[in-house]
Amino acid sequence: MQTFQSLLAKKLSDALRAAGLPAAAGELTPASDPRFGDYQTNAALVLAKQRGENPRVLAAKIVAQIEAGDLCESPAVAGAGFINFTLRPGAVAEKTMELSRGGRLGVAEVKSSRRIVIDFGSPNVAKPMHVGHIRSTVLGDALARIAQFLGHEVIRDNHLGDWGTQFGMVIYGWKNLLDRQALQRNLLAEIVRIYKETNQQAASDPKIREACRQELIKLQADDRENVDIWKQCVAFSMQDFERVYKLLDVHYDLQCGESFYHDRLPDVVERLLKSGVGEISEGAVVVFFRDNPELADKPLIVRKRDGGFNYATTDLATVDYRINDLKADAIWYVVGAPQILHFRQIFDIARREGYTADLRHITFGSILGEDRKLMKTRSGENVPLRDLLEEACKRARKIIEEKNPHLSEDEKTDIAQKIGIGAVKYADLSQYRMTDYVFSWDKMLSLQGNTAPYLQNAYVRIRSIFRKAGESAIATPLWDVDTQADHEETGHRPVATTLTLADSAEINLAKRMCQFAEIVPQVLNDFRPNILANYLFEVANSFHTFYEACPVLKSEEPARSSRLILCDLAARVLKQGLDLLGIKVPEKM
RNA sequence: GUGCCUGUAGCUCAACUGGAUAGAGCUUCUGACUUCGGAUCAGAAGGUUGGGGGUUCGAAUCCCUCCAGGCACGCCA
């Protein structure tokens, strides 16, 4: 299905060609202000600049060639030379019906589907997940959902930190500090405790530091006892992660942690040495970037002087695996901004090795405390993620108890989870990923304003209308079987086959929903789910305005059926849009 | 020291990547409930986009230069 934007863009390029002008000039975008109509183009301004002509005269020339009477009123020249398009309500009604009948709400699948590995989450074993993991996990999951919906083949990979120096300390702690009873009470908590304590001791005592190093070397040499301890730690941590993922409704296709690549590291270094990309420097194997001015003075060590490998080596092996074995066309790393330099180096090496896959480092800002200082991962008191999520559900439940006490216990639990988790996710996804995130319980869990509960509430209100409508038995769905199954719970359907849009609130709502198909693909341009979140907020807003201005069930035909169609479509846009963000909608709240 | 990121209303954030008079939410103030769920709606107030230059028809956005904060820069991950 074509969007208004793409249809009008076609009309514009036809007109440009007819006027003897370059057909690809300028852009056709949604209007910056409702006063300017629905869409605008700056084509005349761009061309006038190139050719040294008067932009308004040129705009008039273009307008004379535009044949879009089926879609909009006659285009108007305005301002410095903009051309504005205002959609005809009839065209909007037609398009809205088209959306209503289709299963994808107008969103086209991409022409060329790619296989995309998305690397996100990546918690460290032997450490609990904390607030710092929210962004990568929630952002990565949302991008995966959107890419998949657009027709890409997505592989979600959890690159667990399950191998590395910290295991020297964990194993030393296990052997010397472990409290078996505490371990039985709470597996991960005890592992975290011994890790922290060892870390502290090692900081002040070189002998313990050395002992930890020895344990690490034994682990890497496949010492049976140490491998056994390591495996137990990984298993305990995974149990803890799984609980969080269940709460968050996040799923992985692969969980290839760092240990998965352990055996492949020597080959990576050998290959780099053989090809000349890597060289020996001060006893270590190092890659230099002499041709790249930005990296020229920033070499990367891939094998330490003592023969050990580091995480750069692991990441290179990971690139190999994902491209050669998984056949990835693209790899998206949803990893915090501090690792920008690291990934530039990795990507540069991958290019030098001849890989052409599309490698992207999708960065995001830090999580700050109320004092606006960085929340540190290693030491200090981090809020465990599970506690945070449970607290969110608890607070949501308290509000539900106040607002809707007659719901059953099961319903309350279910709704509290959808609202609490949704609120946390939305707080994160609704803002630009690069800006730092100020962590605040109140902000995250506030159920007012531009928040998930506001959107969920719009959905719930629509569902309520249809429950009421069901009593007067509106039936006979006009949607096809697939769509119906997808939307089964809606139950009763409007019967009208045409829309009559009269009130401005109706027209605005309908136009808004026609934009869904324009917004969703845009998210992947720069990996910004916040534009989808902002759009959904506008949908909810438009719906609430419509809801106040236009009675649905009490109105006369044909407005009644027409409005039911709008309601149904708004519900589906909200549900689908929130689903793409990984947020669920309740039927009541 | 070098490089990267960030700086927008009192607060939290947008601005479709160079477009028109910089928009929302929270807060404050004024209105609208025998309601299709008020977790709502309508309206008002709130700005030298960190400062200063420059580029052009047009700048929060691009360039230069300061200021502030953060992050990263060979054997941690």
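Please read these numbers as outputs of a predicted model, since none were measured by experiment.

1. Considering the confidence of the model for chain A
Scored by pLDDT, chain A has a mean of 89; 92% of the residues are at 70 or more. Low pLDDT (under 50) marks residues 473–492, which in the prediction has 43 contacts with non-local residues, meaning those over four places away or in another chain. Predicted complex metrics record ipTM = 0.94 and pTM = 0.93.

2. Digging into the sheet that holds strand β7 (residues 278–281)
Taken in spatial order, the 3 strands make up an open sheet running β7-β8-β9, and their pairing is antiparallel. Both outer strands of the open sheet, β7 and β9 (300–303), are each paired with one neighbouring strand and no more. Averaged over neighbouring strand pairs, the angle between their axes works out to 45° when direction is ignored. Both strand β8 (residues 284–287) and β9 contribute to a ladder of 3 bridges, which runs antiparallel. Within β9, the position partnered with Val286 by the bridge is Ile301.

3. So, the environment of Gln5
Relative to the assigned elements, Gln5 resides in helix α1 (residues 4–18). Overall, the relative accessible area of 18% leaves Gln5 in the buried class. A sequence separation of 30 residues divides Gln5 from Arg35, and the C-alpha atoms of the two residues are 18 Å apart. Not counting residues up to four positions away in its chain, the partners in contact with Gln5 are Leu28, Thr29, Pro30, Tyr39 and Glu518. Within the structure, Gln5 has its side chain in polar contact with the backbone oxygen of Leu28 (distance 3.0 Å).

4. Focus on the packing of aromatic side chains
Here the structure, examined in full by the defined rule, presents 14 aromatic pairs. With centroids separated by 5.8 Å and ring planes inclined at 45°, the aromatic side chains of Phe343 and Phe347 adopt a geometry described as tilted. Taken together, the positions of Phe343 and Phe347, both in helix α13 (residues 340–352) and 4 residues apart, correspond to about one turn of that helix. Of the two residues, Phe343 and Phe347, neither departs from the other in class, the shared state being buried. Every member of this aromatic cluster is reached through a ring pair, and the members are Phe120, Tyr245 and Tyr252. A cation over an aromatic ring shows up here: Lys95 above the ring of Phe4, its NZ or CZ 5.5 Å from the ring centre. The ring of Phe149 carries the charged tip of Arg104 above its face, separated from the ring centre by 4.4 Å.

5. Some remarks on helix α19 (residues 504–514)
Among the 11 residues in α19, 8 count as buried, and that is most of the element. Buried within α19 we find Ala505, Glu506, Ile507, Leu509, Ala510, Lys511, Met513 and Cys514. In this fold, the buried residues of α19 make contact with α1, α4 (89–101), α20 (516–522), α21 (529–549) and α22 (559–580). Capping the start of α19, Asp503 holds a side-chain oxygen 2.8 Å from the backbone nitrogen of Ala505, two or three residues further along.

6. Topic: the packing of α19 against α22
For the pair α19 and α22, the least separation of the axes is 10 Å and the interaxial angle reads 35°. Judged by the sense of rotation from one axis to the other, the crossing of α19 with α22 is left-handed. Residues Glu506, Leu509, Ala510 and Met513 of α19 pack against Arg563, Leu566, Leu569, Ala570 and Val573 of α22.

7. Concerning the sheet that holds strand β11 (residues 358–362)
Strands sit in the order β6-β5-β10-β11 across an open sheet of 4 strands; the sheet is parallel. Pairing within the sheet leaves two strands with one partner each, and these edge strands are β6 (153–157) and β11. For this sheet the average axis-to-axis angle between neighbouring strands, irrespective of direction, equals 15°. Sheet contacts for helix α5 (residues 134–149): β5 (115–119), β6, β10 (330–334) and β11; angle to β6, the most-contacted strand, approximately 160°.

Conventions we followed
- Residues numbered from 1 in each chain as written.
- Chains lettered and ligands numbered in written order.
- Predicted model: local features only at pLDDT ≥ 70, side-chain atom pairs only at ≥ 80, totals over all residues.
- Heavy atoms only, no water.
- pLDDT = per-residue confidence, 0-100.
- Contact = heavy atoms within 4.5 Å.
- Pairing = 2+ DSSP bridges.
- Helix = DSSP H or I, 4+ residues; strand = E, 2+ residues; numbered from the N terminus.
- Axes fitted to C-alpha atoms, helices over the stretch in contact; angles between N-to-C directions.
- Buried < 20%, exposed > 50% of the residue type's maximum accessible area, 1.4 Å probe, protein only.
- Polar contact = N/O pair within 3.5 Å; in protein donor to acceptor, adjacent residues only side chain to side chain.
- Phe/Tyr/Trp six-rings, centres within 6.5 Å; stacked < 30°, edge-to-face > 60°.
- Lys NZ or Arg CZ within 6 Å of the ring centre and 35° of its normal.
- Left-handed = near helix turned anticlockwise from the far one by under 90°.

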